[in-house]
There are 2 protein chains.
Amino acid sequence: MLQKKTKYAIKALLSLAKEYKDNKPMKISEIAEKEGIPRKFLEAILLELRHHGIVGSKMGATGGYYLLKHPEEIMLSNVIRLTGGPIALLPCVSLNFYEPCVECVSEEVCGLRNVILEVREASIKILSKTSLADILLRELKLSKKVKPLKTKR
Amino acid sequence: MLQKKTKYAIKALLSLAKEYKDNKPMKISEIAEKEGIPRKFLEAILLELRHHGIVGSKMGATGGYYLLKHPEEIMLSNVIRLTGGPIALLPCVSLNFYEPCVECVSEEVCGLRNVILEVREASIKILSKTSLADILLRELKLSKKVKPLKTKR
DNA sequence: TTAATTCCTACTAAATTAGTAGTATATTTG
DNA sequence: CAAATATACTACTAATTTAGTAGGAATTAA
Ligand code: FES
Ligand code: FES
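None of the values given here were measured: they were computed from a predicted structure.

**Here we look at the layout of surface pockets**
Then, number 1: Put simply, the largest pocket is a space of about 300 Å³.
Then, number 2: Taken together, 16 residues line the largest pocket, and the ones lying closest to its centre are Lys11(A), Lys18(A), Glu35(A), Glu139(A) and Val105(B).
Then, number 3: Those elements that provide at least two residues to the lining of the largest pocket are helix H1 (4-18) and helix H2 (28-35) of chain A together with helix H5 (111-127) of chain B.
Then, number 4: A total of four residues in the lining of the largest pocket trace back to one element, the largest contributor, which is H1(A).
Then, number 5: For the lining of the largest pocket, a count of residues per class yields six nonpolar, three polar and seven charged.

**Comments concerning the environment of Gly63(B)**
Residues and elements named next belong to chain B.
Then, number 1: One can find Gly 63 in the loop between strand S1 (55-58) and strand S2 (64-67).
Then, number 2: Judged by its relative accessible area of 12%, Gly 63 falls in the buried class.
Then, number 3: Through-space distance from the C-alpha of Gly 63 to that of Pro 25 is 6.0 Å; in sequence the pair is 38 residues apart.

**Thoughts on the side chain of Lys11(B)**
Then, number 1: Following the sequence through the fold, Lys11(B) ends up in helix H1 (residues 4-18).
Then, number 2: Here Lys11(B) occupies a buried position and makes no salt bridge, while the nearest side chain of opposite charge, Glu35(B), is found at 4.6 Å.
Then, number 3: Setting aside its immediate chain neighbours within four residues, Lys11(B) contacts Cys104(A), Cys110(A), Glu35(B) and Ile37(B).

Definitions and cut-offs
Residues numbered from 1 in each chain as written. Chains lettered and ligands numbered in written order. Predicted model: local features only at pLDDT ≥ 70, side-chain atom pairs only at ≥ 80, totals over all residues. Heavy atoms only, no water. 1 Å grid on protein atoms, 1.4 Å probe; cavity = no way out; pocket = protein on both sides within 12 Å on 5 of 7 lines; lining within 4 Å. Points joined across faces, edges and corners; volume = space filled by probe spheres on them. Helix = DSSP H or I, 4+ residues; strand = E, 2+ residues; numbered from the N terminus. Nonpolar A, V, L, I, M, F, W, Y, C, P; charged D, E, K, R; others polar. Buried < 20%, exposed > 50% of the residue type's maximum accessible area, 1.4 Å probe, protein only. Lys, Arg positive; Asp, Glu negative; His and termini not counted. Salt bridge = Lys/Arg side-chain N within 4 Å of Asp/Glu carboxyl O. Contact = heavy atoms within 4.5 Å.

Structure follows, in structure tokens:
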């Protein structure tokens, strides 16, 4: 499971991505309110994302956060990794959170590891080709499908 | 990430699967030693697996645990679920550990959920077609690849 | 100068996971 | 039957991780 932190980070970045056209700083409190994220927690998360070079900030009155990259360049896999979420199901197959399996005789020959490796590859394949922009696009498509209310087919 | 508990469960079941030919009860302490699992913890895990009808036990001297199904019928996805590990990355896409996403306006239209759903499907596809027997088979193949020592060519 | 905002360190609280203790109950074997 | 050897089961404790908060320093606009 992804941590709340990771989910909040993605949501916040999506909020910024939506306003990317003029990309002027957006206040923490504004994002927090829109996305239903505890204000102070979000503050810490955005700070961390800035340290990772994915968003920028402006201090003082009229300050806030903005994206440093185009929404098409920010991949889900990256956001997940940066906010501490390993994607792999076992540490022995994780690229970024690798730890050897002490009980297993040999990683080379471990059948379980071999399966979990396949799962990781399948997951990464999807997550690393999906950008913030892609998610917004999906949202658009879904909302068309789900409520074709006043549109004349 | 899978819990230790889940990993231990899989390992223990693989131990039993290896001896499935005569399928006579194997002692907890024997499994624990072979797989490097804390004895008492394993006891609790096997007990739970029994309650879920995946293994059987015999009490008293000469007692122990044995598989109730053929190793080909026990799927990784099942073991993971039974031992408490959700496979999905978010509760809103989990079949067995579903919880609604409070901050999201609508699950129907949530772009993030839509991607995570794809990831879950890809993972389940692999995990639900891989049995204990399959894992043992992989192990066999891997060990042939990795040490073609005394084999001619 | 004041108000509004991010920056940053250091916590606290809650939840989850990992593991243990100890006793009851069942079974084999002599 | 009695002793030895298992599992069954309940109820903890300890360790780790995750979620969230407090509060003041630094920065900027007006
Ligand atoms: S090496 Fe990691 S599960 Fe065996
Ligand atoms: S509904 Fe679960 S992430 Fe949006």
